[in-house]
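Given next are the chains, with one letter for each unit.
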Amino acid sequence: MKSLEEHLAETAAFHGGDCPGQTLGVRLARAGLQQIGIDDPLSDRWRKNIMVYVEIDRCAADALMIVTGCRVGKRTLKIVDYGIMAATFINLKTGRAVRVIAREEARSLAPKYAPEETNKYEQQRQAYRVMPDEELLSFEEVKVTIPPEDLPGSPISRVACERCGDHVVDMREVKIDGVTLCRPCARGGYFARGD
Ligand SMILES: [Zn+2]
Ligand SMILES: [Zn+2]
């Protein structure tokens, strides 16, 4: 495993600067990998055998990507946006899955670990570098069933939406009364079409 300093530098370069969220993300990722028994995530042995579900789409998500090597585009990093500073690390070889959560208490412990710093943001950033794992994070062993259509590899299906004609892969389509529809057509999407 690379050093904490190396990880922080790499993450800062990618994320565009240092911040408490990314520092927390680096710590979370390092601890998560350790929990599932992986210390060289970027090696050929492990590169394709780690999966991470991250529960927040903020700074920490970038840090998780850099430290674990998991990528959205490789389908090894899933964003399940619960708005919780937590992530689950899965060792695909052993099946072991551990959910790591940033402890709310860590926020109020920051002054203890960076007493000289008066700026709250900077104090958190510095404290999260040095705070022991057990004060910063909590861990729970979980079970994650990954459906085949979510796994890395070629798409397992490809169908056309019968309303708009867009093609949909990996079983993301919806069938209503025998009609195959894409999700936006079936349930409404994040976008609206102009008239
Ligand atoms: Zn940030
Ligand atoms: Zn459609």
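A brief report on the enclosed structure follows. (Residues numbered from 1 in each chain as written. Chains lettered and ligands numbered in written order. Predicted model: local features only at pLDDT ≥ 70, side-chain atom pairs only at ≥ 80, totals over all residues.)

### Description of the overall build of the protein
Put simply, the test is: A run of H or I in DSSP becomes a helix once it reaches four residues, and a run of E becomes a strand once it reaches two; helices and strands are each numbered from the N terminus. Between the buried cut of 20 or more and the exposed cut of 12 or fewer other C-beta atoms within 10 Å of a residue's own C-beta lies the partly exposed class, and all C-beta atoms are placed from the backbone. What counts as a contact is two residues whose backbone-derived C-beta atoms lie within 7 Å of each other.
The number of helices and strands found in the protein is seven helices and nine strands. Taken along the three principal axes of its C-alpha coordinates, the protein extends 65 × 45 × 30 Å. Put simply, the protein has 195 residues, and 35% of those count as buried. Residue pairs at least 24 apart in sequence account for 59% of intrachain contacts in the protein once pairs closer than 6 positions are excluded.

### With respect to the packing of helix H2 (residues 20-35) against helix H3 (residues 59-68)
The condition that has to hold: Helix axes are fitted to C-alpha atoms over the stretch in contact, other axes to C-alpha atoms as well, and angles between N-to-C directions run from 0 to 180 degrees. If an angle is under 35 degrees, it is roughly parallel; if it is over 145, roughly antiparallel; if it lies from 65 to 115, roughly perpendicular; otherwise it is oblique. Each crossing is labelled by how the near helix is turned from the far one, with a counterclockwise turn of less than a right angle marking it left-handed and a clockwise turn marking it right-handed. In this classification, the charged set is Asp, Glu, Lys and Arg, the nonpolar set is Ala, Val, Leu, Ile, Met, Phe, Trp, Tyr, Cys and Pro, and all remaining amino acids, among them Gly, are polar.
Look at H2 against H3: their axes get within 7 Å of each other, and the N-to-C directions meet at 40°. With respect to H3, the element H2 is oriented oblique. In the crossing of H2 with H3, the sense of the turn from one axis to the other is right-handed. Facing Gly-21, Gln-22, Leu-24, Gly-25, Val-26, Leu-28, Ala-29, Arg-30 and Leu-33 of H2, the residues of H3 in contact are Cys-59, Ala-60, Ala-61, Asp-62, Ala-63, Leu-64, Val-67 and Thr-68. Taken together, the residues of the contact of H2 with H3 break down into eleven nonpolar, four polar and two charged.

### Observations concerning the nonpolar core
The condition that has to hold: Defined on buried residues, the nonpolar core groups Ala, Val, Leu, Ile, Met, Phe, Trp, Tyr and Cys residues joined through C-beta atoms within 7 Å.
Membership of the largest hydrophobic core comes to 42 residues, with the highest contact counts inside it found for Leu-28, Val-52, Ala-60, Leu-64, Ala-87 and Phe-89. Sorting the residues of this core by element identifies H2, strand S1 (50-54), H3, strand S3 (86-91), strand S4 (97-102), helix H4 (105-113) and helix H5 (120-130) as the ones contributing at least two each. When residues of this core are assigned to their parent elements, the largest contribution, eight residues, is made by H3. Look past the residues within four positions of Ala-87 in its chain and what remains in contact with it is Leu-28, Gly-32, Val-52, Tyr-53, Val-54, Glu-55, Leu-64 and Val-100.

### Details of the packing of helix H1 (residues 4-15) against H3
At a minimum axis distance of 9 Å, the contact between H1 and H3 shows a crossing angle of 125°. The angle between the axes of H1 and H3 places the two elements in the oblique class. Remark: the crossing between H1 and H3 carries right-handed chirality. Residues His-7, Glu-10, Thr-11, Phe-14 and His-15 of H1 lie in contact with H3, whose contacting residues are Cys-59, Asp-62, Ala-63, Ile-66 and Val-67. Split by residue class, the contact of H1 with H3 holds five nonpolar, three polar and two charged.

### Some details on H3
By the criterion of burial, H3 is predominantly enclosed, with ten of the ten residues buried. Residues of H3 that are buried include every one of Cys-59, Ala-60, Ala-61, Asp-62, Ala-63, Leu-64, Met-65, Ile-66, Val-67 and Thr-68, and no others. Looking at the buried positions of H3, the neighbouring elements they touch are H1, H2, S1, strand S2 (77-79) and S3. Downstream of H3 by one or two residues, Gly-69 has phi in the positive range, about 80°.

### Side note on the pairing of S4
What counts, and what does not: Paired strands, as defined in this entry, are two strands with at least two bridges between them according to DSSP.
With respect to burial, S4 is a largely interior element, five of its six residues being buried. The loop that links S3 with its antiparallel partner S4 comprises five residues; one of these, Gly-95, has a positive phi angle of about 80°. Taken together, the six bridges between S4 and strand S5 (residues 137-142) define a ladder with antiparallel strand orientation. Directly across from Val-98, in S5, lies its bridge partner Glu-141.

### Remarks on unusual backbone geometry
Of note, the phi angle at Arg-75 is positive, near 65°, even though the residue is not glycine. Secondary-structure assignment places Arg-75 in the loop between H3 and S2. In this structure Arg-75 comes out as partly exposed when scored by C-beta crowding, with 16 C-beta atoms within 10 Å. At Asp-177, a position not held by glycine, the phi torsion is positive, near 50°. Here Asp-177 lies in the loop between strand S8 (174-176) and strand S9 (179-181). Using a count of 5 C-beta atoms within 10 Å as the deciding quantity, one classes Asp-177 as exposed.

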